[in-house]
Number of protein chains: 2
Amino acid sequence: MPDVPALTDRPGFLLSQLGHHAADRFAERLRPLGLRPRHFGLLSHLAAADGRTQQQLADAMGLHRNQMVALLDDLEARGLVERRRHPDDRRAHAVFLTETARELLPRAQRAADEHDADLVRALDAQERRQLIDLLQRLGEDAGLTAGVHPTLTAAPRATR
Amino acid sequence: MPDVPALTDRPGFLLSQLGHHAADRFAERLRPLGLRPRHFGLLSHLAAADGRTQQQLADAMGLHRNQMVALLDDLEARGLVERRRHPDDRRAHAVFLTETARELLPRAQRAADEHDADLVRALDAQERRQLIDLLQRLGEDAGLTAGVHPTLTAAPRATR
DNA sequence: TATTGTTATACTCTATAACTATA
DNA sequence: TATAGTTATAGAGTATAACAATA
């Protein structure tokens, strides 16, 4: 054991290195579908529950409402979401998936499945479960909100 | 098991989420020392082998020589590195750590140690070894270069 | 002609503030 | 007075090209 651990033996470096790699590869996999990872996240949220306001969606994904505007503009331009009038609040929009999105979503999910399978292909089934278990526990211990990606989370500049 | 795996069960998402978190936290730990993660990486490289050229250092870290200029400017302004004339090539600089850097480096390494310890504090000793082993194998299988962080690696725009 | 270090430029991202229409 | 959505702006970060000195 050396005095100074090499980066290769540091869990922090390994996580950061692999995590960045995983994000890059996932972005590549989604690109042919005209989507970015954050679009996939938003579509997934909408698939789980249609009709929420932009603010609610932004809260759920941990990003600022200003960024949600641009995200929805992208998806609306591609005909994947619709902004409808909110029944109870005339300031708000109710956001819905389109039929096109419901056709596209399974393809995006398949891309995510393939991405995951590719990432862990060097591990056997038990090791995969182990990896997921360890990562989930680290995330919980670190106080990360399940399913919320830190890239999107707006934080005061001085704090970062 | 649901039809569509939640993000929380996807190794790709977990790695990306935790990796980003780890990078953020490490940056926070280094900030009091006036360093950013990439500075730590460069100082570590220099601690292992002084006197290399900027191009060699850039290659070792996987970044473009243009970025190495700014990185060295930072560290030189803080009195942590010296650009000396290269004995064999008058185009090149030979880069050396200063005494100040050699005093600072142990503190930075301690910060990295604490960062790592904090990240994995929820795991017992055996689980920590397991985690590191699994991550190393994933990295090797993915073809990642040991110790090279993808954030720094310059890639053609269309490819990313 | 190629390479080292440097500088300048343009482009992408994102944080922040400010505006409007409603509540 | 506060909130939902929107727009504009500025700042940080980074990729690319171009340059002078030297090989």
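The notes below deal with the structure included here. (Residues numbered from 1 in each chain as written. Chains lettered and ligands numbered in written order. Predicted model: local features only at pLDDT ≥ 70, side-chain atom pairs only at ≥ 80, totals over all residues. Heavy atoms only, no water.)

### A closer look at the interface of chain B and chain A
The cut-off we apply is this: Any pair of residues with heavy atoms lying within 4.5 Å of one another is described as a contacting pair. Buried area: the accessible area, evaluated with a 1.4 Å probe, that two parts lose upon being put together, summed over both parts. For salt bridges, the criterion is a side-chain nitrogen of Lys or Arg within 4 Å of an Asp or Glu carboxyl oxygen. Counted as a polar contact is a pair of N or O atoms within 3.5 Å, where, for protein atoms, one must be capable of donating a hydrogen and the other of accepting one, and residues adjacent in sequence contribute only when both atoms are in side chains. A helix here means a DSSP run of H or I that spans at least four residues, while a strand means a run of E at least two residues long, and both kinds are numbered starting from the N terminus. Residue polarity follows a fixed list, in which Ala, Val, Leu, Ile, Met, Phe, Trp, Tyr, Cys and Pro are nonpolar, Asp, Glu, Lys and Arg are charged, and the others, Gly among them, are polar.
Taken together, the contacts link 57 residues of chain B with 57 residues of chain A. Between chain B and chain A, a total of about 5500 Å² is buried, with carbon and sulfur atoms accounting for 63% of that surface. In this structure, the connection of chain B to chain A is made through eight salt bridges. Here R121 of chain B ties to D141 of chain A by a salt bridge, and the two come within 2.9 Å at their closest N and O atoms. Taken together, the connections running from chain B to chain A amount to 22 residue pairs in polar contact (both at pLDDT 80 or more). Every element with two or more residues in the side of chain B that touches chain A is listed here: helix 1 (11-30), helix 5 (99-119) and helix 6 (125-141) of chain B. The greatest single-element share of the side of chain B that touches chain A, amounting to 15 residues, is contributed by helix 1 of chain B. A breakdown of the residues in the side of chain B that touches chain A according to their chemical character gives 27 nonpolar, 17 polar and 13 charged.

### Details of the pattern of salt bridges
Selection rule: The buried label applies to any residue whose accessible area, calculated with a 1.4 Å probe on protein chains only, is under 20% of its type's maximum; exposed applies above 50%, and partly exposed to all values in between.
Tallying each qualifying case throughout the model produces 30 salt bridges over all chains. In this structure, D50 of chain A and R102 of chain A form a salt bridge, with 2.5 Å as the shortest nitrogen-oxygen distance. Remark: R102 of chain A occurs in helix 5 (residues 99-119) and D50 of chain A occurs in the loop between helix 2 (37-48) and helix 3 (54-61); sequence separation between them is 52 residues. Overall, D50 of chain A belongs to the partly exposed group, its relative accessible area being 30%. Taking relative accessible area as the criterion, R102 of chain A reaches 37% and is therefore assigned partly exposed. Notably, a salt bridge pairs R83 of chain B with E76 of chain B, separated by 2.8 Å at the nearest N-O pair. Accessibility expressed as a relative area gives 21% for R83 of chain B, which makes it partly exposed. When salt bridges that share partners are traced, they join R25, E28, R29, E114, D118 and R121 of chain A together with D141 of chain B into one network.

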